[in-house]
Each structure stands twice: as structure tokens, then as C-alpha cells.
Amino acid sequence: MEKRKVVIIDGYHLLHKGYYGSLKRKKIAINREGVLINAVYVFVANIYQMIQSNEYYTIIVTFDVGKECWRKEIYPEYKATRKETPCDLIPQMQLVRDFLTSANIPWYEKCKYEGDDIMGTISRIAVKLGYKVDIISNDKDTYQLVSKDVCIISQQSKKTKKEIITEKDVFEKFGCKPCQIPDMKSLLGDHSDNIKGVKGMHYNTAVKLITKYGCVENIFKNLNDFPYDHQKKLEQCKEQVLMNKKIAKILKNVDIGKINFRPLKINYIRFMGFLKREKMWAFTKMIEEKAKDQLQFRENKKIELQN
């Protein structure tokens, strides 16, 4: 029997994509309070498309919470070079949570943890329960979660095609297995996360080292294999490299309570309520019929029970 498939969505990736992708439109959507909702529009459109596709047994969304993060406690410079979140995107972050709650779509977050850690945890549990998993994210860090049962679906820009990242693709792009990405990153660094690698370390050298030793810990256990000057250089940056690996590794054991893997059951009545409240008229026609049917079904059930 074919395994059921669940999709885990990087909520902020979808939101940022929607925000920047729709800013150039002539008419930018606002709600009753005059709050910009351009990102919410794109977010809802994408989620609705997934619902309509009937491809997934359930849809789960993950979010980051605030700026505090366990990685910053270890390395305060983590992501320090990232741009601040635009002011008019901040209120939309709460609105998409409201939308998901209204529509009865499960979403998860936890203080001091990033969305990636929540994704890693949920995908591990999903695979253990026998599901196949698609993760929707443009963050290459998530490639370390790829396995025979987990794929990443990525689209870097409107002009590029959607990519389905498998274990084979990870090897082609990184020169290593998915689980070795944190090792590669710890040696080479990562500009986008402000992680500094080993000075002068080249990609090909990192690939050779990880292929031969399997992980950075084994490199340090076998320093005698290296010429004296290389030994000295590696010894000097050992602490930095091991810290890099710790913060580059996505957690898979965050305590987020019980995960809702029940089949997706959209609440179209409350979905409709959310759309009307936020003046999202472009969607109401699509949802109206479904909300009416759901209401009628509930009324019939009531009558049945009364009789």
C-alpha cells in the first residue's frame, strides 16, 4: 500500500515570498483596519491550492517565534547580518496564524526554537508513523532533513521551476549525504547565517575531508593524518568548528506536545468568517459554496439528532 503523504510548510518562507512577490502590484490589498495584507493573500492562495490538490493527507505549518533563539545563546552573532522584518509584514504574521486556526489547519511553534527545528521534529515523527513527507521551504539548511521518505520542495524565484530535492540532489549540490550538511557548513561557514568557517577552506577540500572521515569530530580525532601546519590550523579552530556544527544542525527532538496527524478537515464556515473579516473578497466566491454545504450538513445533523 502506498504511504500517505503529509506536507510541512515553512510558514515564514511562504509569508516572506508572498510579501516581496506582491509588493510591485498596482493595487496592494489592505483589510478593514487599513493593515496591509498582501502576504496574507498569497499565503491563503497557496494553502488553498494545496487543499484543492487533494495530494496531502494533512497540511502542517511551522513558524519561528520572535528573535530569541537557542542558537543565539551559543553564538550571539548568529544571523546578525539579516535585514530586519519590514514593519508592515509583522501584523500579517499574526493574521496567518488566525487564518490557520479559523480554517482548522494545524500549526506549531515554540519559543527559543526556529521553524526548522519544529519541521525536523514533525518530519521525524511523521516518518516513524509511516508517512511520506514533503517540506515546502527555500532554506537550503532544510536539505539535511531529506531521506528516502522526506523531500524538500523548493522554488528559489518566480522565474525558476519548482525543484523536488531528493537524496541524490543533495549529493549533487553539496557533495555529501543530507546528514553531513552541518559538517560541511561547519567547515565552510555560511554567509547568510553569519557563520564563519575555517579560513582558507575550499569546497573541494571540505568534500574530501567529510568523504574520508564522515564527520568533523572524526577529523579532530585523526589530526595525526595531517601535515604539522594543517594540524595546528585545525586545532586552533576546533572550538569554532564544533560550535558551527551544533548551530547548523536542525533539531529533531523538540518537545511540542502531541502532533495532529488526523486527516485534514477544513472548517469552511470559519474560513469564510476570516475572509469576510479581513475583506479578502477575491476568495469568498470560491469558499462560499463549501461553507454553505458545511452549514447545511450541520443543520441536517442537528435535525437527525433531535428526531
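Since this is a predicted model, take the numbers as computed values, not measurements. (Residues numbered from 1 in each chain as written. Predicted model: local features only at pLDDT ≥ 70, side-chain atom pairs only at ≥ 80, totals over all residues. Heavy atoms only, no water.)

Below, the discussion takes up the nonpolar core. One finds Ile-122, Ile-135, Leu-187, Ile-219 and Phe-261 to be the most contacted residues of the largest nonpolar core, which totals 43 residues. Here this core takes 5 residues from helix α8 (residues 203-213), the largest share from any one element. Counting residues domain by domain, this core receives three or more from each of domain 1 (5-167) and domain 2 (178-248). The next biggest cluster of nonpolar side chains, apart from the first, holds 41 residues, and it includes Val-40, Ile-47, Val-96 and Phe-274. (Core = buried A, V, L, I, M, F, W, Y, C linked by side-chain atoms within 4.5 Å. Buried < 20%, exposed > 50% of the residue type's maximum accessible area, 1.4 Å probe, protein only. Helix = DSSP H or I, 4+ residues; strand = E, 2+ residues; numbered from the N terminus. Domains from an automatic or database assignment.)

On to the UniProt feature "transmembrane region" (unreviewed entry) in the protein chain, then. In the numbering used here, UniProt assigns the feature "transmembrane region" (unreviewed entry) to residues 34-51. Taken as a whole, residues 34-51 contains 78% helix and 0% strand, while its terminal C-alpha atoms sit 29 Å from one another. (UniProt positions renumbered as here; feature names shortened; annotations may be inferred.)

Of all 6 residues that make up strand β1 (residues 5-10), 5 are buried, and the element is covered over most of its length. Relative to strand β4 (residues 132-136), β1 is paired through 5 bridges, and the arrangement is parallel. If you follow Val-7 over to β4, its bridge partner there is Asp-134. In terms of strand pairing, β1 meets strand β2 (residues 58-62) through 5 bridges, oriented parallel. Considered in β2, the bridge of Val-7 is made with Ile-59. (Pairing = 2+ DSSP bridges.)

Listed in full, the buried residues belonging to helix α12 (residues 268-277) are Tyr-268, Phe-271, Met-272, Phe-274 and Leu-275. Down the axis of α12, the buried set is contained in an arc of 160°. They therefore lie on one face. Buried residues belonging to α12 abut α2 (38-53), α4 (90-103) and α13 (281-306). For α12, the capping residue at the N-terminal end is Asn-267, with a side-chain oxygen 3.2 Å from the backbone nitrogen of Ile-269. One or two positions beyond α12, positive phi appears at Lys-279, with a value near 55°. (Arc of directions from axis to C-beta. Contact = heavy atoms within 4.5 Å. Polar contact = N/O pair within 3.5 Å; in protein donor to acceptor, adjacent residues only side chain to side chain.)

One face of the sheet, then the other: side chains in a regular strand alternate in exactly this way. Most of strand β5 (residues 150-154) sits inside the fold, with 5 of its 5 residues counted as buried. Of the two faces of β5, both are covered, the one formed by Val-150, Ile-152 and Ser-154 as well as the one formed by Cys-151 and Ile-153. Inspection of the sheet shows β4 paired to β5 by 4 bridges, in the parallel sense. Each residue of the ladder has a partner; that of Ile-136, found in β5, is Ile-153.

Time to look at the domain arrangement of the protein chain. Parsing the protein chain into structural domains produces domain 1 (5-167), domain 2 (178-248) and domain 3 (268-306). Residue-level contacts link 17 residues of domain 1 with 15 residues of domain 3. Carbon and sulfur atoms supply 66% of the area that domain 1 and domain 3 bury against each other, a total of about 1500 Å² over both sides. Considering only the side of domain 1, the residues that lose the most area to domain 3 are Arg-32, Tyr-41 and Tyr-48, jointly responsible for 39% of the buried surface there. The tally of links between domain 1 and domain 3 comes to 1 salt bridge. Asp-98 is the salt-bridge partner of Arg-277, the closest N and O atoms lying 3.6 Å from each other. (Buried area = accessible area lost by both parts, 1.4 Å probe. Salt bridge = Lys/Arg side-chain N within 4 Å of Asp/Glu carboxyl O.)

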